[in-house]
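# Structural overview
For reference, the chains in residue letters:
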Amino acid sequence: HSRPPTQALALRSNERYGSLVDWRGRLDPVTVRSIFDEFDTDHSGEIDKGEVQGLLLGLQLAGGGSHDVPSQDTMDYWMKEFDANYDGRITFDEFNRALGRWVDERLTSSSRAAGGGSGFG
């Protein structure tokens, strides 16, 4: 099945959140926590289905333009991507792991596109 557009979740610096990854390509824990906390609007320690729409809009993962309201299919897709135990809530650990997988995929595909090697060796 096809994946929703994800190009807008940039790995580079961003005025709002800082850099999602450090110079080694690892997630920056402070940035990840601040993103999670911003979208956990009820401060429950979890992002629920109702908060996913805000998350997708804020991270511009809704597809199309940056202010498009995400479709139900898009929200369902991202819930499945982030909600590891399928309980309808995304914990910080689930969020962190899912972002880590996403970053690894982006960095791996970027490396392949650039000719594969790390430049070391």
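The structure we're discussing is the one just above.
What you see is a predicted model, and the numbers here were worked out from it, not measured in a lab. (Residues numbered from 1 in each chain as written. Predicted model: local features only at pLDDT ≥ 70, side-chain atom pairs only at ≥ 80, totals over all residues. Heavy atoms only, no water.)

### So, the overall build of the chain
Heads up, the condition is: For the purposes of this entry, the term helix denotes a DSSP run of H or I that reaches at least four residues, the term strand denotes a run of E that reaches at least two, and both are numbered from the N terminus. Think of it in three bands: with a 1.4 Å probe and only protein chains considered, a residue is buried below 20% of the maximum accessible area for its type, exposed above 50%, and partly exposed in between. The contact rule is simple, with two residues in contact once any of their heavy atoms fall within 4.5 Å. Surface exposure here means Shrake-Rupley accessible area, sampled with a 1.4 Å probe, where a residue is shielded only by the protein chains that are shown.
Scanning the chain from terminus to terminus reveals 4 helices and 2 strands. Reading the helices (α) and strands (β) of the chain from amino to carboxyl end gives α-β-α-α-β-α. The buried share among the 121 residues of the chain stands at 36%. For the chain, long-range pairs separated by at least 24 residues make up 45% of all intrachain contacts whose partners lie at least 6 apart in sequence. Summing over all exposed atoms, the chain offers an accessible surface of approximately 7500 Å²; the carbon and sulfur share of this is 50%.

### Regarding the packing of aromatic side chains
The geometry of an aromatic ring pair is captured by the separation of the ring centres together with the interplanar angle, meaning the angle of the planes. For the record, the criterion: Each aromatic pair joins two rings of Phe, Tyr and Trp (for Trp, the six-membered one) with centres within 6.5 Å, and gets the label stacked for planes under 30 degrees apart, edge-to-face for over 60, and tilted for any other angle. Note on criteria: charge over ring means Lys NZ or Arg CZ within 6 Å of the ring centre, with the direction from the centre no more than 35 degrees off the ring normal.
Summed over all chains, the structure comprises 5 aromatic pairs. Here Y77 and W78 contribute two aromatic rings whose centre-to-centre distance is 5.1 Å and whose plane-to-plane angle is 90°, an arrangement assigned as edge-to-face. Residues Y77 and W78 agree in their burial class; the two are buried. Judged by centre distance (5.5 Å) and plane angle (25°), the rings of F82 and F95 are stacked. In this pair, F82 is assigned in helix α3 (residues 72-82) and F95 in helix α4 (residues 92-113), connecting sequence segments 13 residues apart. By relative accessible area, which is 5% here, F82 ends up buried. The ring of F92 carries R33 above its face, with NZ or CZ at 3.8 Å from the centroid.

### Considering unusual backbone geometry
Only a minority of non-glycine residues have a phi that is not negative, and only a minority of peptide bonds are not trans. Positive phi values are uncommon outside glycine, yet H43 reaches one of about 55°. As for its position among the elements, H43 is in the loop between α1 (29-39) and β1 (46-48).

### Section: the pattern of salt bridges
Should the charged atoms of two oppositely charged side chains come close, the side chains can pair. Note the threshold: A side-chain nitrogen of Lys or Arg and a carboxyl oxygen of Asp or Glu constitute a salt bridge if their distance falls within 4 Å.
Enumeration over the complete set of coordinates arrives at 3 salt bridges. E46 is the partner of R89 in a salt bridge, and the nearest nitrogen-oxygen pair spans 3.0 Å. With R89 in strand β2 (residues 89-91) and E46 in strand β1, this residue pair connects regions lying 43 residues apart in the sequence. The exposure class assigned to R89 is partly exposed, which follows from its relative accessible area of 35%.

### Re the side chain of D83
Under the convention used in this document: Positive charges come from Lys and Arg alone, negative charges from Asp and Glu alone, with His and the N- and C-terminal ends not counted.
You can see D83 is positioned in the loop between α3 and β2. No salt bridge is formed by the buried D83. Its closest oppositely charged neighbour is K49, at 7.1 Å. Residue contacts for D83: discarding those within four places in its chain leaves G88, R89, I90 and E94.

### Some thoughts on α1
What counts, and what does not: Note that the arc is defined by the directions from the helix axis to the C-beta atoms.
All buried positions along α1 are accounted for by T31, V32, I35, F36 and F39. One face of α1 carries all of its buried residues, which in axial projection span an arc of 130°. Residues P29 and V30 are exposed on α1 and point more than 90 degrees away from its buried face.

### Re the nonpolar core
Rules: Take the buried residues of types Ala, Val, Leu, Ile, Met, Phe, Trp, Tyr and Cys, join any two whose side-chain atoms come within 4.5 Å, and each joined set is a nonpolar core.
Among the nonpolar cores identified, the biggest contains 23 residues, and I47 and F95 are the most heavily contacted of them. Those elements giving two or more residues to this core turn out to be α1, α2 (49-58), α3 and α4. Residue contributions to this core peak at 6 residues, all from α4.

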